[in-house]
Amino acid sequence: MSSMEERDVGVAAAPGSSSAGLGVGAVGAAVEAVAGVAAMQEEVGMRREGPEPDPDEPPKKRVKIPEGESGKLEERLYSVLCCTVCLDLPKASVYQCTNGHLMCAGCFIHLLADSRLKEEQATCPNCRCEISKNLCCRNLAVEKAVSELPTECTFCLKQFPRSSLERHQKEECQDSPAECNMRLIWGRTADKKNQLTIVTQCKYKRIGCPWQGPFHELPAHESECSHPTKTGTELMGILGEMDQSHRRDMQLYNTIFSLLCYEKIGFTEVQFRPYRTDDFITRLYYETPRFTVLNQTWVLKARVNDSERNPNLSCKRTLSFQLILKSKVNSALECSFLLLKGPYDDVRIKPVIHHHSFCNDANETEYVPLPISDSVECNKLLAAKNINLRLFIFQVQK
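Residues numbered from 1 in each chain as written. Predicted model: local features only at pLDDT ≥ 70, side-chain atom pairs only at ≥ 80, totals over all residues. Heavy atoms only, no water.

Details of the sheet that holds strand β3 (residues 137-138)
Okay, step 1: Pairing is antiparallel in the open sheet, where three strands are placed in the order β2-β1-β3. Since the sheet does not close on itself, it has two edges, and those belong to β2 (102-104) and β3, each with one partner.
Okay, step 2: Sheet topology places strand β1 (residues 94-96) next to β2; three bridges connect them, and they run antiparallel. Bridge pairing links valine 94 to cysteine 104 in β2.
Okay, step 3: Against the sheet, helix α5 (residues 105-118) contacts β1 and β2, and its axis sits at roughly 90° relative to β2. (Pairing = 2+ DSSP bridges. Helix = DSSP H or I, 4+ residues; strand = E, 2+ residues; numbered from the N terminus. Contact = heavy atoms within 4.5 Å. Axes fitted to C-alpha atoms, helices over the stretch in contact; angles between N-to-C directions.)

Here it is as structure tokens:
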């Protein structure tokens, strides 16, 4: 061993060791040093990369890009433009609080409806500032940015802006099925991303199969569908129920046309205003100011979930109403009536005709359901300051 090598080894070895011992000690120390550096680098790398993403974690956390690292632009925009409540990309309207936190239209309406039921001021779930239709405004820049983010067509797997995907899948896509009962809904995929989902119905719907689901599950369902193997007697029963439902719809439309032939027809715009009962546990109800139709004075009342104690804790929300005659009449007043949406509202109401014979001893009807399609429509009405509808009354001539 040369003198230079001895000096190097002597530095690494312990004092008083032999030259052979010095060599072995140096190698061992070097190996330990290398292992230690590798472990430190691995630890630093793990800290930089972070833990593996949890597939069940909300999208906002899962797609968050650490500082100093790059990722796909749409993934970075997803965490920036998503709703602060549901963490999904908004489908249409986007509202923001006074501090700029974004909320999709569905979550915004739901927050306002909950505050109306609880008799509390609605607040932003992020910063707790007050929110209302007057305080919050739409963010058109975010709406346009979200509409331009790319998404994949379910059929041809090509990328399209979100604003044009629905039209492409309905009218342009060459790989979409030509004959299937399709409708498009906005949903979440398995990887927690929002996209339009193709919802189809079974081809045996005509013989009563109620199945509907994603397009990719259609072949598996149709291969196992039990309706083609049903007996003639079973199919006749199913078809009879379908015919009965069709007859009810036709009866409704025919009845409406018959009512339009009556001599005395009146209609007016009515405005339900929210009030609270005087009970220890107050309940929300609605009432209209007095209005005149067919030379009589009337009032409409409405209640939420049939005056359920805590409707804010229920996922299903409904409204029911009653018509009250305030005038005094000399003889029974037999009437048909129905409520429809107002001329400037977008709530979906399926018309239902009700009948009642009004007199001084029976001047109010039973509470009947307001025929809105689902709880989402009910939240729209609850979130509004007042509920504006249109009432038609037809007086039956004897």
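A few points about the pattern of salt bridges
Okay, step 1: A full pass over the atoms with the stated rule returns nine salt bridges.
Okay, step 2: The closest approach of N and O atoms between arginine 283 and aspartate 279, which form a salt bridge, is 3.7 Å.
Okay, step 3: Given the relative accessible area of 41%, aspartate 279 is considered partly exposed.
Okay, step 4: Here arginine 348 and glutamate 377 are joined by a salt bridge, their closest N and O atoms 3.4 Å apart. One end of the pair, arginine 348, is in the loop between β14 (333-341) and β15 (354-358); the other, glutamate 377, is in helix α10 (residues 375-383), and 29 residues separate them in sequence. (Salt bridge = Lys/Arg side-chain N within 4 Å of Asp/Glu carboxyl O. Buried < 20%, exposed > 50% of the residue type's maximum accessible area, 1.4 Å probe, protein only.)

Description of empty space enclosed by the protein
Okay, step 1: Evaluation of the coordinates by the stated rule reveals one cavity of 30 Å³ or more.
Okay, step 2: Space inside the largest cavity adds up to approximately 60 Å³.
Okay, step 3: If you go around the largest cavity, the residues you meet are Phe272, Ala302, Leu319, Ser320, Phe321, Leu339, Leu370, Ile387 and Leu389.
Okay, step 4: Secondary-structure elements contributing two or more residues to the lining of the largest cavity are β13 (319-325) and β17 (387-395).
Okay, step 5: In the lining of the largest cavity, the residues fall into eight nonpolar, one polar and no charged. (1 Å grid on protein atoms, 1.4 Å probe; cavity = no way out; pocket = protein on both sides within 12 Å on 5 of 7 lines; lining within 4 Å. Points joined across faces, edges and corners; volume = space filled by probe spheres on them. Nonpolar A, V, L, I, M, F, W, Y, C, P; charged D, E, K, R; others polar.)

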